[in-house]
Amino acid sequence: MKKDTQTPVEATWNLSDMFADVESWQAQLAQAKTVCDKLAAQRGHAGESPSALLQTAQLYEQLNLNIEQLFVFANTNYDQDMSNSQAKDLYETISNEYTAMQERISFLAPELMQMTPEQFSSYCEQCPELRLYEQFAKDFFAKREHILPAEMETLLVRMENLGSSFSKTFDDLTVNDVHFPEVEGPDGTPFTANEANYQQALINSDRDFRARYFNGLLGVYGQHIHTLASLYYGSVKNDVYQARSRRYPSARAMSLDANHVQEAVYDNLIATVREHIGPLQDYVALRQQVLELNDIHFYDLFVPMVRDTERRYSYEEAQELVLKATAVLGEDYTAVLKEAMQNRWIDVYPASNKATGAYSTCAYGFHPYMLLNYTGTLDDVFTLAHELGHSMHSYYSHKNQPYIYADYSIFTAEVASTLNEELLFHYLYTHSSTPAEQALLLSKHLDDIRSTFYRQTMFADFENQTHQEVEQGRPLLPEELCEKHRALNQLYYGPQFTVDESLTYEWARIPHFYRAFYMYQYATGISAAISIARRIREQGAGAVADYRRFLTTGGSNHPIELLKIAGVDMASPKPILDTIADFSETLQKLRSLLGK
């Protein structure tokens, strides 16, 4: 379905590893409908006996597995060419069919909630095969107060589908409908100020070009700020509606409860970062000093302080660097990475109408897939390491866990990916041959912590505030959203930082805001990764073994407990403080190298 025929086929993903063709996909959809029919027929006796409960559980697993595989195939087809009508039809078809199936089986949770934990334990005695579901059942019964009568569950399923349309509309608007302008490039030729060129533009040493690009890009969102504000307001209202319908005190409480994470973890992150914001502001001041700027803007935060921004890494070079950096994790780990690189698990290069950014996705029973938009920057090398980390987490979890526990929680999702970035940074730093290379890497490491830890915490701060506004009955207006974003940028980056009008529109370009209370986990994820990477460097094989065990655990326990296997306790403030300390130490190293 790709329309950019100049892209080498080996640099595209091979989706036929999932389904040979659309007809095979449609056949599985028909199978899923049959499974749904059987599951719907369990109504009224889903848990009436141990054998009936086992049958219900197995049908439920089979249905979800079928749907997961259908979704991943449809989504990856769509993302490789978002203008392709057949791909869009597949995506819309499975979305609609999924909603219809969820409506048909919405009776399950209320009906099974009539059981007691004691009754389930008795069933396990009579039918040992049910013991597989003990952890699942424990978590299920813990949510008893949030399960509603069958009729209400059906309504909420319909509302969830409606709520997802805000994100989909955002994608359609920002990818297919808006026109991104061309600005004068650093060489005088036209340069498109779109999302695909974001990293390439902002690391360019030509400051006037960076400003033109950034203001051109953000200006597009400013032109549509009323529409984007309405979309986001609708999404937040849906979050609040879902939470209140399920008897949660807030949308945040509902989101965190899905991962069994205490709200205190979220509050601790924001409070600790706000309390220790000084190192970030010191870094901004150092950047301004080194770059010899009279003032400092957001578009000045990406260009390396060491003037070595012209180097490009071929994709083959990037692969080799990642393999060397992660070799410490074991020969079998390296072997799987090579398989991913050689057997078309990755869609590598930008293409017309291809989704921007990067991600890893995986359906149980298939190998992972990664989407990149590789242009050869150092950031792109780190992105390759990052997405491969996600994929390895999925690969080992799926290989070692039954389907019911194969998927890891969102809270742990960013740990494996960011750990790979940490390993890559330390490999490049220790193998650098000049102080200039070291300074470049230190600057890169600082900016990674800034963007993944401080910046994502700021976004978490923003969506915490916006949800509180709606929960208190106040609307989200464009001017107020822009003002909140302006104030947070000033608070985090400090009084010396210039907040341009275009930057106040930035919240409107962040797709993750349509996945409420997700982004704080980038900050907790990098905190865990920094702690684990330090442990691997200091303790060697034992720490590697602990981490490798963590990779196999999927969702077999609550994420806070699973991370303890790798040697980190995210329920404490220590990993947050360790990350801030790492940032401060790196800043001092850079100051020393630069003589500042």
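Scroll up to find the structure.
Residues numbered from 1 in each chain as written. Predicted model: local features only at pLDDT ≥ 70, side-chain atom pairs only at ≥ 80, totals over all residues. Heavy atoms only, no water.

Caption draft 1: Fine view of the packing of helix H17 (residues 410-430) against helix H18 (residues 435-471). With their axes 9 Å apart at the nearest point, H17 and H18 run at an angle of 165 degrees to one another. The orientation of H17 relative to H18 falls into the category roughly antiparallel. For the element pair H17 and H18, the recorded crossing hand is left-handed. Here Glu 421, Glu 422, Phe 425, Leu 428 and Tyr 429 of H17 come into contact with H18, specifically with Gln 438, Leu 441, Leu 442, His 445 and Asp 448. Residue classes in the contact of H17 with H18 are distributed as 5 nonpolar, 2 polar and 3 charged. (Axes fitted to C-alpha atoms, helices over the stretch in contact; angles between N-to-C directions. Helix = DSSP H or I, 4+ residues; strand = E, 2+ residues; numbered from the N terminus. Parallel < 35°, antiparallel > 145°, perpendicular 65-115°, else oblique. Left-handed = near helix turned anticlockwise from the far one by under 90°. Contact = heavy atoms within 4.5 Å. Nonpolar A, V, L, I, M, F, W, Y, C, P; charged D, E, K, R; others polar.)

Caption draft 2: Quick look at helix H24 (residues 574-594). Between the first and last C-alpha of H24 there are 30 Å, a value that for 21 residues agrees with the 30 Å anticipated at 1.5 Å per step. Turning to H24, its buried residues number three or more, namely Pro 575, Ile 576, Thr 579, Ile 580, Asp 582, Phe 583, Thr 586, Leu 587, Leu 590 and Arg 591. Where the residues of H24 are buried, they touch helix H12 (263-275), helix H13 (278-290), H18 and helix H21 (520-539). After H24 finishes, the residue Gly 595 shows a positive phi value of roughly 70 degrees. (Expected span 1.5 Å × (residues − 1). Buried < 20%, exposed > 50% of the residue type's maximum accessible area, 1.4 Å probe, protein only.)

Caption draft 3: Structural view of the sheet that holds strand S3 (residues 346-347). Strand order in the open sheet formed by 3 strands is S3-S5-S4, and the pairing between neighbours is mixed. Both outer strands of the open sheet, S3 and strand S4 (359-361), are each paired with one neighbouring strand and no more. Of the pairings in the sheet, the one linking S4 to strand S5 (residues 369-371) comprises 3 bridges and is antiparallel in character. Across the sheet, residue Tyr 359 finds its bridge partner in S5, namely Leu 371. With respect to the sheet, helix H2 (residues 50-80) is in contact with S3, S4 and S5, its orientation differing from that of S4 by roughly 150 degrees. (Pairing = 2+ DSSP bridges.)

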